[in-house]
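Structure at a glance
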Amino acid sequence: MDKTREIICIICPLSCQIKIRVKNKKIVSLESNGCRRGKEYAEQEFYNPQRVLTTTIKVKNSDSSPLLPVRTDKPIPKEKLRECMQYLANIEVETPIEIGQIIASNILKTAVNVIATRRLKS
Ligand code: SF4
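Structure report, in brief. (Residues numbered from 1 in each chain as written. Predicted model: local features only at pLDDT ≥ 70, side-chain atom pairs only at ≥ 80, totals over all residues.)

**A word on unusual backbone geometry**
Put simply, the rule reads: Secondary structure elements follow DSSP: runs of H or I of four or more residues count as helices, runs of E of two or more count as strands, with numbering from the N terminus. Think of it as a crowd count around each C-beta: if 20 or more other C-beta atoms lie within 10 Å the residue is buried, if 12 or fewer it is exposed, and in between it is partly exposed, with C-beta placed from the backbone throughout.
P96 follows T95 through a cis peptide bond whose omega is 0 degrees. Summarising the element assignment, P96 is placed in the loop between β8 (92-93) and β9 (102-104). Positioned with a positive phi, L108 is a non-glycine residue whose angle comes to about 50 degrees. Structurally, L108 is set in the loop between β9 and β10 (114-116). One non-glycine residue, A111, lies in positive phi territory at about 65 degrees. Checked against the element boundaries, A111 lands in the loop between β9 and β10. Given 10 C-beta atoms within a 10 Å radius, A111 is considered exposed.

Okay, structure coming up:
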């Protein structure tokens, strides 16, 4: 039996509401995308949704901030978000830290790094 689903494209501000029809867990048709990029986005969102992870991690020795904001440098599979959060909850860093500094490389073998988004002095 066919199912329908709507995916809102976030690639540009037009936010097209893309309608997909699914059969046997595969997209069989796709409409209302304003351009080719929307088709690619909807297919990725359906088959392998990904997100940039943003969070904070503990800082051992900073007087100014006990937490360091971080993010992944690329999107990671949505299904790995929780596991990554748990991994990062157990990490502590020491200052000084520069913006863009790699805090965790190749996290959970995703080929994605977690980087600092704030500078912290010693
Ligand atoms: S489908 Fe194309 S036009 Fe529509 S929101 Fe996505 S990128 Fe923009």
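**Overview of the sheet that holds strand β3 (residues 26-31)**
Cut-off, in case you're wondering: By definition, two strands form a pair when at least two bridges between them are found by DSSP. Lines are fitted to the C-alpha atoms to define the axes, a helix being fitted only along its stretch in contact, and any angle between axes, read from their N-to-C directions, falls within 0 to 180 degrees.
Spatially, the three strands line up as an open sheet ordered β1-β2-β3, and their pairing is antiparallel. Only two strands of the sheet have a single partner each, and these edge strands are β1 (3-8) and β3. Each adjacent strand pair in this sheet contributes to an overall mean axis angle of 30 degrees, direction not counted.

**Structural notes on helix α1 (residues 36-47)**
Convention followed: One less than the number of residues in a helix, times 1.5 Å, gives the span that helix is expected to have. Each C-beta atom gives one direction from the helix axis, and the arc is the one those directions make. Contacts here follow a simple rule: the backbone-placed C-beta atoms of the two residues must lie within 7 Å.
Over its twelve residues, α1 extends 17 Å from the first C-alpha to the last, a length consistent with the 16 Å expected when each residue adds 1.5 Å. Residues of α1 that are buried: G38, Y41 and A42. Projected down its long axis, α1 shows its buried positions confined to an angular sector of 100 degrees, all on one face. Along α1, the residues that are exposed and aim more than 90 degrees away from the buried face are R36 and Y47. Elements in contact with the buried residues of α1: β1, β2 (17-23) and β3.

**A short note on the site of the ligand**
Stated precisely, the cut-off is as follows: Any residue whose backbone-placed C-beta atom lies within 6 Å of a molecule or strand is treated as near that molecule or strand. Gly is put with the polar residues, along with every residue not named as nonpolar or charged; the nonpolar set is Ala, Val, Leu, Ile, Met, Phe, Trp, Tyr, Cys and Pro, and the charged set is Asp, Glu, Lys and Arg.
Every residue near the ligand is listed here: C9, I11, C12, L14, S15, C16, N33, G34, C35, R37 and G38. Per-class residue counts for the shell around the ligand are six nonpolar, four polar and one charged.

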